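Topology and contacts: notes
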Amino acid sequence: MVSYLLGNYMVEKGLMTKEQLQYVICIQEKIRVKLGLIAVSEGLLTLEQADAINRRQQAMDKRFGDIAVEEGYLTELQVQNLLKLQGNEYLTFVQTLVDEGIVAMGDIQTILKEYQSENGFTNTEMELIKSGDAEKIAPLFVPKGAEEYQEAVIIALKTFVRCIDRQAYPMYGKLVNEAELEMPVTQELDGTEYWKIGVSDIDDGLCVIASIFAKENYSEVNEDVQDAVGEFVNCINGLFATAKSANNITLELQPPALGKSGLISGTDILVMPFGFSNVTVNFIVTNKKGWR
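Quick summary incoming for the structure in this document. These numbers were taken from a predicted model, which means no experiment stands behind them. (Residues numbered from 1 in each chain as written. Predicted model: local features only at pLDDT ≥ 70, side-chain atom pairs only at ≥ 80, totals over all residues. Heavy atoms only, no water.)

**Digging into unusual backbone geometry**
Operational definition: In DSSP terms, a helix is any run of H or I states spanning at least four residues, a strand is any run of E spanning at least two, and both are numbered starting from the N terminus. Think of it in three bands: with a 1.4 Å probe and only protein chains considered, a residue is buried below 20% of the maximum accessible area for its type, exposed above 50%, and partly exposed in between.
For N248, which is not glycine, the phi torsion reads 60° and is therefore positive. When you line up the elements, N248 lands in the loop between α13 (223-245) and β4 (251-253). Its identity as a non-glycine residue notwithstanding, N278 has a phi of 65°, on the positive side. Here N278 lies in the loop between β6 (262-276) and β7 (279-286). Residue class for N278 comes out exposed when judged on its relative accessible area of 54%.

Okay, structure coming up:
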């Protein structure tokens, strides 16, 4: 998730190409993050200190962490905590960028600060981004006034990550009263509360969902694709209804509705793009009746 969030920003700024981003994402899971990079990223070492330890490591058969402790740069507890971060997605992304010569280690912090400034993120929010945790990241892209939809967004994004693409990521959503939607697939949940939740196409994203979820190959959005996507939407909403039941809210799922492309109108409709597998769809949610 964080790989696309930061990677897409770097592509927009001309710091890497789309092809380089796809290559990095493809190979980064095989990368073991170096302890020095983690220590620099966590602010425990300067780049110069990490380089000094690396030079010493080349001349002796000792681990980076052992040398750092001997030289008084780090404590043993700090080294143990750094080792726990070696599987972090953000750090493996950065390590791959550096290893492939796309970005110098010394430029990473500058890129992060520019990304933070352009998106208006606080230092705390940047740490949430770097965590790679969908539950922490999703709310950052929900617009003001739509906080009541955060739970649905989180569950939807986590379901995308689990069932469609582990690198699925959110984009900034908008709270609207009308929107032009392509081939929407929606589902009403009625009971103690009312909800309408679904997805619509952007660039054949529904075909990708249907192909992965139904294990068939689809090349164009049609009723068969919408049917398969309806099963996926039903999965999202089943999890959402279960989460709501923990607060004694009962929701009954109605059959998914397969819509046609066109303008929809209503009240307080959140339209939020999700990116995955090089395509995009709109996630749609409202708890107001009257959508037409």
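Further notes follow.
**Remarks on the side chain of N237**
For the record, the criterion: Residue contacts are defined here by distance: any two heavy atoms, one from each residue, within 4.5 Å place the two residues in contact.
Mapped onto the elements of the fold, N237 is located in helix α13. For N237, a relative accessible area of 0% gives the class buried. Those residues in contact with N237 that sit more than four places away from it in its chain are Q187, L189, I197 and L253.

**Considerations on the packing of helix α12 (residues 205-214) against α13**
In a pair of packed helices, the angle between the axes and the distance between the axes together describe the arrangement. What counts here: Here, axes are lines fitted to C-alpha atoms. For helices the fit covers the stretch in contact, and angles between N-to-C directions go from 0 to 180 degrees. Angles are sorted into four bins: roughly parallel if under 35 degrees, roughly antiparallel if over 145, roughly perpendicular if 65 to 115, and oblique for all others. Under the grouping applied here, Gly and all other residues not named as nonpolar or charged are polar, the nonpolar ones being Ala, Val, Leu, Ile, Met, Phe, Trp, Tyr, Cys and Pro and the charged ones Asp, Glu, Lys and Arg.
Where α12 meets α13, the axes come as close as 8 Å, and the angle between the chain directions of the two elements is 75°. In terms of axis orientation, α12 runs roughly perpendicular to α13. Of α13, the residues touching α12 (which contributes L206, C207, I209, A210, F213 and A214) are V225, A228, V229, E231, F232 and C235. Residue composition of the contact of α12 with α13, grouped by class: eleven nonpolar, no polar and one charged.

**Topic: the packing of aromatic side chains**
For any pair of aromatic rings, geometry is given as the distance between the ring centres together with the angle between the planes. Note the cut-off: Think of it this way: a Phe, Tyr or Trp ring, Trp meaning its six-membered ring, pairs with another when their centres are within 6.5 Å, and the plane angle makes it stacked under 30 degrees, edge-to-face over 60, tilted otherwise. Two conditions define a charge located above a ring, namely a distance within 6 Å from the ring centre to NZ of Lys or CZ of Arg, and an angle within 35 degrees of the ring normal.
Considering all chains together, one arrives at twelve aromatic pairs under this definition. Between F274 and F283 the ring centres are 5.5 Å apart and the planes differ by 5°, which places this aromatic pair in the stacked class. By way of ring pairs, the aromatic residues F160, F213, F232, F274, F276 and F283 are connected into one cluster. Seen from the ring of W291, K196 lies directly overhead, with NZ or CZ sitting 4.5 Å from the centre.

**Focus on a negative patch on the surface**
Put simply, the rule is: Two distance rules govern patches: like charges are joined within 9 Å, and nonpolar side chains (Val, Leu, Ile, Met, Phe, Trp, Tyr) within 5 Å, applied only to residues with over 30% relative accessible area and no salt bridge. Here the accessible surface of atoms and residues is derived via Shrake-Rupley with a 1.4 Å probe, and residues count as covered only by protein chains that are part of the display. In what follows, salt bridge is the name for a side-chain nitrogen of Lys or Arg lying within 4 Å of a carboxyl oxygen of Asp or Glu. Here Asp and Glu are counted as negative and Lys and Arg as positive; His is not counted, and neither are the chain ends. Lys charges are placed at NZ, Arg charges at CZ, Asp charges at CG and Glu charges at CD.
A contiguous patch of negative charge, built from E216, E223, D224, D227 and E231, is present on the exposed surface. Checked against the element boundaries, D224 lands in helix α13.

**Some remarks on the side chain of Q187**
Operational definition: Nitrogen and oxygen atoms within 3.5 Å of one another constitute a polar contact, given that in protein one can donate a hydrogen and the other can accept it, and given that sequence-neighbouring residues count only through two side-chain atoms.
Take Q187: it is sitting in strand β2 (residues 174-191). Taking relative accessible area as the criterion, Q187 reaches 1% and is therefore assigned buried. Polar contacts involving the side chain of Q187 include one to the main-chain carbonyl oxygen of Q254, which spans 2.7 Å. Ignoring anything within four residues of it in the chain, the contact list for Q187 reads W195, K196, I197, V233, N234, N237, L253, Q254, P255 and P256.

**Focus: the pairing of β7**
Put simply, the test is: Here, a strand pair is defined by DSSP locating no fewer than two bridges between the strands.
Burial of β7 is extensive: eight of the eight residues sit out of reach of the surface. Taking every second residue as pointing to the same face, both faces of β7 are buried, with V279, V281, F283 and V285 on one and T280, N282, I284 and T286 on the other. Of the pairings in the sheet, the one linking strand β3 (residues 194-201) to β7 comprises six bridges and is antiparallel in character. Note on β7: the bridge partner recorded for K196 is T286. Across seven bridges, β6 lies against β7 in antiparallel orientation. Directly across from V271, in β7, lies its bridge partner I284.

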